Structure formats: C-alpha cells, structure tokens
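Understanding the architecture of this molecule
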Amino acid sequence: MNNIYDMIIIGSGPAGMAAAIYAQRAMLKTLVIEKDIPGGQVVNTYEVDNYPGIPDITGFELSTKMREHAEKLGVEIQSEFVEDVVLDNKIKVVKTSTNEYQSKTIIIATGAKWRKVGVKGEQEFTGRGVSYCATCDGAFFRNRTVAVIGGGDVAVEDAIFLARMCKKVYLLHRRDELRAVKILQENLFKIEKEKLEILWDTEVQEIIGNDQVEKITVVNNKTNEQKQIELEGVFVGIGTEPNSELIKDKVKCDDNGYVITDEAGETSVKGVYAAGDVKQKSLRQIITAAADGATSVYAAERYILENFS
C-alpha cells in the first residue's frame, strides 16, 4: 500500500486546509487536490474581522496563511480537476483530468457558492459594498444605509441582524409576501419603521458606484416604477448552492444538495467525510469550516486504525 494515501482532501478552503494541517500532524499520508486558486470563497472576501486572533486581515491573506501553514508541515497539494470518485470499495479512487489516486479515506471540502442576483454591478462591487454574508460583513456597515435582497429565512435574518447596527435597512422582495418562517417575520415587523423599510414587489436592476457601492436602481415589477436609492451596502440573501455535483449521487444529500453527515463528519459511505460549506449545517463561517476539517480528520484517523491495522 505504499502508493495509497491515507487521506485525500478535495478542496483547499478553510475546511480543506484545516483538515490537511491536522492530518499532517497526525502523520497521515495526505494529498490535497484543488481545481482553482487555493483558498475557497474566502479568497474573494475583502476583509475578515471575525476569525479569532487574526483581526483586520483580507480573505486572501488568511487563506495564504492557512496554505503556508499546511505546506510548512509538508502537505502535498496538487492543482488538478477531479472528474470522478469511486467509493464502492475499501480503497477509494479519485480520478482527475490527468491522474488517478487511491486512498483509504476521502474528505470532501468543495464548499458552496452564493446564489447571485445577476444584475449589472454585482460582480464589479463584490467585496466593495456587495456582500453575501451579513454575519461576516455587517459590522463594516455600522451606522450606514444598506439593502438586503430576498424574502426567505436568510434575507429576513440578515435584515433583523443588520437593523441592530445600521442606520437604515431596506428589504427588497420581488413578491408581496415573505417566504420566511412566521417567527422571523414577526420579529422583522417589530423593528421601527425608521430603521427598516420593506419594498414589496421590488427588484434590483443595477448596483452603481465608483470605488464602492453608492446607490442602486430598483423597479416595482407590478407598476414598472423605477427609482434610485442611495446607500453604502447591498446584502444578497437568496441562499447558497453546494458544490456537491461530484458526489451527490454517491453519498446521501438533502433536497438542496448539501451532504448529510454525522457529528464526526462521516457521510453515508464509510471512510468518506464532508467538511465545510458543502455539508448540511446551520452556520457557514470560516471558523466552523475549519472546525469541520479538524473533526473529520479525527474521525478518519480512527477509521483507518480500525480498518487498516
């Protein structure tokens, strides 16, 4: 089994890098495979201010530190596109566009992607006023005016959260009633009107600014009335989509495609684990992704001892 890895980690975001660090410290023969720039979604985060002990750091800097830590420990990292995984046998197989690897265990750490509104200016101002995570970035907009786009649980929770610190919050929903659970709606409607304004049947047409977001153009989809709103931030709260295409037909997933695991991170297939945003969980943050990675390695190490000794 000299050519067989103890662990292959697919993905190099916070979950994957934390897993790699813990695996290397456990003296497991480990390979990390990443198709894009290492770091995951955090690379595109302009500023991270909620990772304990490392305040005032950009997402790119934090991801670089994680990768450097892993490489200092001797973790092997390959930049390849994973085309398929074979999980039926005791020894798992990972097939990339150029190679085929064997491993005793696999950790899926492929993350998730934010759902985009798809309007002009959204891409341009991402990280410069456009955010997809109120709990991550809300503090940067204290005493400022922002808009939240959406009408489900995520958007309503974001609006409630932001109203505690922002000067004013606009909640833009394309329908005439919210989809969020009733308790969240009740909490939302308790917020003072000076702090929160709900714009029903309203959609964003364009996000406008120079270096930062300055205003948005919105349209009422029933009256076709257009107007511009001056603000500093736009929070998109229409959910995420897991990057689970690789394994969604091979392990158990929920209706939205998130991988279902036990507390240790093990999927419905023994020896296969999921960590970070790709798995079903209540909070998707850098710190919880890193914790998932560490927990999965601990469980995988025990699995290896019990099945390969």
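Residues numbered from 1 in each chain as written. Predicted model: local features only at pLDDT ≥ 70, side-chain atom pairs only at ≥ 80, totals over all residues. Heavy atoms only, no water.

1. Observations regarding the sheet that holds strand 13 (residues 213-220)
Spatial ordering of the open sheet is given by 12-13-14, a layout of 3 strands whose pairing is antiparallel. Pairing within the sheet leaves two strands with one partner each, and these edge strands are strand 12 (202-209) and strand 14 (226-230). Going across the sheet, the axis of each strand differs from the next one's by a mean of 25°, ignoring polarity. As judged from the 5 bridges shared by strand 13 and strand 14, these two strands associate in the antiparallel manner. Pairing of I216 across the sheet is with I229, part of strand 14. (Pairing = 2+ DSSP bridges. Helix = DSSP H or I, 4+ residues; strand = E, 2+ residues; numbered from the N terminus. Axes fitted to C-alpha atoms, helices over the stretch in contact; angles between N-to-C directions.)

2. Some words on the sheet that holds strand 15 (residues 233-236)
In spatial order, the strands read 8-15-9-10-11; together these 5 strands make up an open sheet with parallel pairing. One side of each edge strand has no neighbouring strand; the edge strands of this open sheet are strand 8 (130-131) and strand 11 (196-199). With 5 bridges connecting them, strand 9 (residues 145-149) and strand 10 (residues 168-172) associate as parallel partners. Residue A147 lies in a different strand from strand 10, and its bridge partner there is Y170. Of the strands in this sheet, strand 9, strand 10, strand 11 and strand 15 are in contact with helix 4 (residues 153-163), which crosses strand 9 at around 165°. (Contact = heavy atoms within 4.5 Å.)

3. A short note on the state of the cysteines
Considering all chains together, one arrives at 1 disulfide under this definition. A sulfur-sulfur distance of 2.2 Å marks the disulfide that ties C133 to C136. Looking down the S-S bond of the C133 and C136 bridge, the torsion is 65°, so its handedness is right-handed. Owing to a relative accessible area of 10%, C133 belongs among the buried residues under this scheme. Given the relative accessible area of 24%, C136 is considered partly exposed. (Disulfide = S-S within 2.5 Å. Buried < 20%, exposed > 50% of the residue type's maximum accessible area, 1.4 Å probe, protein only.)

So far we have only geometry, and geometry alone does not tell us how the molecule works.
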